[in-house]
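In case you want the letters, here they are:
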Amino acid sequence: MSYRLLSEGVEGALGERLVSARPLGGGCIGEVYKVELSDGTPLVAKVDREGGAQLECEAYMLRYLRERSSLPVPEVLHCSEHLLLMEFVEGESRFSPAAERHAAELLAALHDIGGAAYGHERDTLIGSLPQPNPWTESWVDFFREHRLLYLARVAREAGRLPAEDARRVGRLAERGAPGGRRPPPPPPPNPGGGSGGRLRVGAAGSRRGSPMRSASRSPRASSTGMCGAPTCWRKEIT
């Protein structure tokens, strides 16, 4: 079924015949393949047999970062309910010191993407998990309700968070600073926070592929999920 989806999707979207499809590792959403077209072009294809909004959301996040940041994000060529086609980026997973520095610079540049409040223009994903991003005036309220308590609730419902740990998270959330007090200065961006399956080193030594996840959160930062569009943090903190 996946090959049929690939074959029909590629020909319908790009007007080229599918020559081959080889499974790739990784991918939190659907099945991932390296495909070759009849004109010799290699692409990456993601197939979601069940359908739904996840591939569309991932395509949105990739396009958002490609348009609004300097991250070398693969170009999205086609997206439907069942199929996402994107540029194949050649590279390797061994990171030189120069590549690590460049990755940190690219991640730090995301801190310049801000908004009038905390959140994003739409909900996104972190891995395969939906990530709510409603506009919120207080950074404390946003982080408490839509990151800390939300993720704890999801983990608890999935049976992955013990009841006592869930209660501890709740007590921590109750201690949130009212009024959005300024948080302590964040640590430097962590290039090692990215997923090795998503990051590649190109010929010039720069990382290629989907954006990495930052281990830090800052009032000036745009936080990314595994492949997520930035969550805007307001630049002026009172």
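For the structure itself, look to the data block above.
Below is a short write-up of the structure. Bear in mind the structure is a predicted one, so any value in this text is a computation, not a measurement.

Within the protein, the secondary structure is distributed over 5 helices and 9 strands. Tracing the protein from N to C terminus, the helices and strands come up as α-β-β-β-α-β-β-α-β-β-α-α-β-β. For the protein, the accessible area works out to roughly 12300 Å², and carbon and sulfur atoms hold 51% of it.

Moving on, we get to the packing of aromatic side chains. Working definition: an aromatic ring pair is given by the centre-to-centre distance plus the angle between the planes. Evaluation of the coordinates by the stated rule reveals 1 aromatic pair. Centre to centre, the rings of Tyr 60 and Tyr 64 are 5.9 Å apart; their planes meet at 50°, and the pair counts as tilted. Remark: Tyr 64 and Tyr 60 occur in helix H2 (residues 54–68); sequence separation between them is 4 residues, near one turn of the helix. Accessibility expressed as a relative area gives 5% for Tyr 64, which makes it buried. Its end group placed over the ring of Tyr 60, Arg 122 keeps NZ or CZ at 4.5 Å from the ring centre.

Along the chain, the position of Ala 155 falls in helix H4 (residues 139–157). Once residues lying within four places of it in the same chain are set aside, the contact partners of Ala 155 are Arg 160 and Leu 161.

With that settled, the discussion passes to the pattern of salt bridges. Evaluated as defined, the whole model comprises 10 salt bridges. The partner of Arg 49 in a salt bridge is Glu 31, with the nearest N and O atoms 2.6 Å apart. Pair noted here: Arg 49 is in the loop between strand E3 (42–47) and H2 and Glu 31 is in strand E2 (residues 31–37), with a separation of 18 residues, a long-range link. Since its relative accessible area comes to 41%, Arg 49 is described here as partly exposed.

Another aspect to go through is the nonpolar core. Side chains of nonpolar character tend, in soluble globular proteins, to be buried together. Counting 22 residues, the largest nonpolar core has Leu 71, Leu 84 and Leu 110 as the members making the most contacts within it. The element contributing the most residues to this core is H2, with 8 residues. Residues within four places of Leu 84 in sequence aside, it is in contact with Val 44, Ala 45, Lys 46, Leu 55, Glu 58, Ala 59, Val 76, His 78 and Cys 79. Listed in part, the 11 residues of the second largest apolar core include Leu 18, Val 35, Leu 37 and Val 47.

Turning our attention to the environment of Ile 126. Looking at the secondary structure, you find Ile 126 in strand E6 (residues 124–126). For Ile 126, a relative accessible area of 25% gives the class partly exposed. Remark: the alpha-carbon pair of Ile 126 and Cys 28, spanning 98 residues in sequence, is separated by 9.1 Å.

Definitions and limits used
- Residues numbered from 1 in each chain as written.
- Predicted model: local features only at pLDDT ≥ 70, side-chain atom pairs only at ≥ 80, totals over all residues.
- Heavy atoms only, no water.
- Helix = DSSP H or I, 4+ residues; strand = E, 2+ residues; numbered from the N terminus.
- Areas by Shrake-Rupley, 256 points an atom, 1.4 Å probe, with all protein chains shown as cover.
- Phe/Tyr/Trp six-rings, centres within 6.5 Å; stacked < 30°, edge-to-face > 60°.
- Buried < 20%, exposed > 50% of the residue type's maximum accessible area, 1.4 Å probe, protein only.
- Lys NZ or Arg CZ within 6 Å of the ring centre and 35° of its normal.
- Contact = heavy atoms within 4.5 Å.
- Salt bridge = Lys/Arg side-chain N within 4 Å of Asp/Glu carboxyl O.
- Core = buried A, V, L, I, M, F, W, Y, C linked by side-chain atoms within 4.5 Å.

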